[in-house]
Amino acid sequence: MPNPQPVAGDDEPAVLYEATPGGVAIVTLNRPDRLNAWGPDMAVPFYAAVDRAEQDSAIKVIVVTGRGRAFCAGAHLGSSNSVGGVGESLESAGGKSVADLVGERPPHFVTELRKPVIAAINGPCVGIGLTQTLMCDVRFAAAGAKFGAVFARRGLIAEFGISWILPRLVGWGVALDLLLSGRTFLADEAAELGLVKEVVAPDELMPRVLEYAEDIAKYCSPTAMAVIKRQAYGDATRDVVAATADAESLMWEALPRPDVIEGIVSFLQKRPPQFPSLSQA
């Protein structure tokens, strides 16, 4: 499915929502005129769209992408015409909560969702945009997409949990290189570092991501995926003994579920499984 290109004005929704027949919700950042830079106007509808997908039993997987030529070029700092007022704006921002600036939820909230979240990175992915994608469960990128943890180059710190997730994805050495240098790197390097699963041609990005997402939606148990997500992110702060003990307990809870029977029977019968939705589990 090609990514729509027309420029959206501020009178259009800041976030678009679409559900496919295959059980995938597509959440699209819709401020291409500013490269989908993140701001309060985008935060509320983004949360609403994700909540809608999380609560809809017909949706099995969530895909997040950007409209136009960027995924998200960081926080919305205003135009070049507003340079003279930057000091005044930052001074007033010091008295605000983070929610006033970027929204009421930190990027890591997507790790707490029960459903898989896949990022389709169609273009520049910088600052808070990078943090948002790193908190997604799986990432695909268009060839040539630019990435950057540019915080140090803006005089900022490692924001919104990126100092927690980035070392877990690429290791301490690489994480510190990216965070301390704030350098730009391209999709191919992102794939080499393990930040994205695949790099594909720009016009093939959404078809490939939807193929992957709809395969998961068709063949994987929603309940199993929900538990696996909880295990993976929960175990990141546990030792192996505690993680193993928790897994054993979760296994005993899983065995009586209809998902396990259906998973085994459908495999033996060589047919697609018919797993119950999360709301029915």
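Before any of the text, the structure's been laid out above.
Reading the values: the criteria
Residues numbered from 1 in each chain as written. Predicted model: local features only at pLDDT ≥ 70, side-chain atom pairs only at ≥ 80, totals over all residues. Heavy atoms only, no water. Helix = DSSP H or I, 4+ residues; strand = E, 2+ residues; numbered from the N terminus. Buried < 20%, exposed > 50% of the residue type's maximum accessible area, 1.4 Å probe, protein only. Contact = heavy atoms within 4.5 Å. Areas by Shrake-Rupley, 256 points an atom, 1.4 Å probe, with all protein chains shown as cover. Pairing = 2+ DSSP bridges. Axes fitted to C-alpha atoms, helices over the stretch in contact; angles between N-to-C directions. Expected span 1.5 Å × (residues − 1). Arc of directions from axis to C-beta. Parallel < 35°, antiparallel > 145°, perpendicular 65-115°, else oblique. Left-handed = near helix turned anticlockwise from the far one by under 90°. Nonpolar A, V, L, I, M, F, W, Y, C, P; charged D, E, K, R; others polar. Salt bridge = Lys/Arg side-chain N within 4 Å of Asp/Glu carboxyl O. Core = buried A, V, L, I, M, F, W, Y, C linked by side-chain atoms within 4.5 Å. Phe/Tyr/Trp six-rings, centres within 6.5 Å; stacked < 30°, edge-to-face > 60°.

J.: Mind showing me how you'd approach the overall build of the protein chain here?
T.: Assigned secondary structure in the protein chain consists of eleven helices and ten strands. The proportion of buried residues among the 281 residues of the protein chain is 44%. Considering only contacts in the protein chain between residues 6 or more positions apart, those separated by 24 or more positions represent 69%. Summing over all exposed atoms, the protein chain offers an accessible surface of approximately 14100 Å²; the carbon and sulfur share of this is 58%.

J.: How do you make sense of the sheet that holds strand β3 (residues 61-66) when you look at a structure like this?
T.: Two pairing modes exist for strands in a sheet, parallel and antiparallel, and in both the strands are linked by backbone hydrogen bonds. Strand order across the open sheet formed by six strands is β1-β2-β3-β5-β7-β10, with mixed pairing between neighbours. Here the strands that pair on one side only, and so sit at the sheet edges, are β1 (15-19) and β10 (198-200). Within this sheet the neighbouring strands show an average axis-to-axis angle of 20°, counted without direction. Pairing of strand β2 (residues 24-29) with β3, which is carried by six bridges, proceeds in the parallel orientation. Its bridge partner being in β3, V27 is matched across the sheet by V64. Taken strand by strand, helix α8 (residues 205-219) contacts β2, β3, β5 (117-121), β7 (138-142) and β10, and its axis lies near 170° from that of β5.

J.: How should I be thinking about α8 in this particular structure?
T.: Given 3.6 residues to a turn, an α-helix orients residues that are three or four positions apart in the same direction. Compared with the 21 Å implied by 1.5 Å per residue over 15 residues, the 21 Å span of α8 between its first and last C-alpha is a close match. For α8, the set of buried residues is L205, M206, V209, L210, A213, I216 and A217. Viewed along the axis of α8, the buried residues span an arc of 125°, placing them on a single side of the element. In this structure, the buried residues of α8 make contact with β2, β3, β5, β7, β10 and α9 (222-235).

J.: Got a minute to help me understand the packing of helix α5 (residues 162-170) against helix α6 (residues 172-181) in this structure?
T.: Two packed helices can be described by the angle between their axes and the distance between those axes. Between α5 and α6, the least distance of the axes is 7 Å, while the angle of their chain directions is 130°. For the element pair α5 / α6, the angle class is oblique. Between α5 and α6 the crossing geometry is right-handed. Two secondary-structure elements touch here, α5 through I162, L166, P167 and V170 and α6 through W172, V174, A175, L178 and L179. Looking at the contact of α5 with α6 residue by residue, the class counts come to nine nonpolar, no polar and no charged.

J.: What's the story with the pattern of salt bridges in this structure? I'm lost.
T.: Side chains that differ in charge, positive against negative, can pair when their charged atoms come close. Following the criterion strictly, the structure yields eleven salt bridges and no others. Put simply, E12 and R67 hold a salt bridge, and the shortest N to O gap is 3.3 Å. Here R67 lies in the loop between β3 and β4 (72-73) and E12 lies in the segment before β1, a separation of 55 residues in the sequence. E12 sits in the partly exposed class, given a relative accessible area of 30%. In this structure, D137 engages K229 in a salt bridge whose closest nitrogen and oxygen atoms are separated by 2.9 Å. Of the two residues, D137 sits in the loop between α4 (128-134) and β7 while K229 sits in helix α9, which places them 92 residues apart along the sequence. Given the relative accessible area of 7%, K229 is considered buried. A single network of salt bridges, built from pairs that share partners, joins K197, E198, R208 and E211.

J.: Explain the nonpolar core to me, please; I cannot follow it from the model alone.
T.: One broad rule of soluble globular proteins: the nonpolar side chains tend to lie buried together. Residues W38, F46, I62, I121, F147, I162 and L166 are the most contacted members of the largest nonpolar core, which totals 46 residues. With seven residues, helix α1 (residues 40-55) is the largest single contributor of residues to this core. Those residues in contact with I162 that sit more than four places away from it in its chain are L130, T131, L134, A149, F151, P167 and L179. Core analysis: the next-biggest nonpolar cluster, separate from the first, contains 18 residues, A142, M206, L210 and A217 among them.

J.: How do you make sense of the packing of aromatic side chains when you look at a structure like this?
T.: Two aromatic rings, taken as a pair, are described by how far apart their centres are and by the angle between their planes. Tallying each qualifying case throughout the model produces six aromatic pairs. Measuring from ring centre to ring centre gives 6.3 Å for F46 and F109, while their planes differ by 85°; the resulting arrangement is edge-to-face. A residue pair is termed long-range when its members are at least 10 positions apart, and F46 in helix α1 and F109 in the loop between α3 (98-102) and β5 qualify at 63 residues. For F109, a relative accessible area of 8% gives the class buried. Relative to Y212, the ring of F140 has its centre 5.1 Å away and its plane inclined at 65°; by these criteria the two rings are edge-to-face. On the criterion of sequence distance, the pair formed by F140 in strand β7 and Y212 in helix α8 is long-range, its members being 72 residues apart. On the basis of relative accessible area, F140 is assigned to the buried category, the value being 0%. Here the aromatic residues W38, F46, Y47 and F109 are joined through ring pairs into a cluster of three or more.

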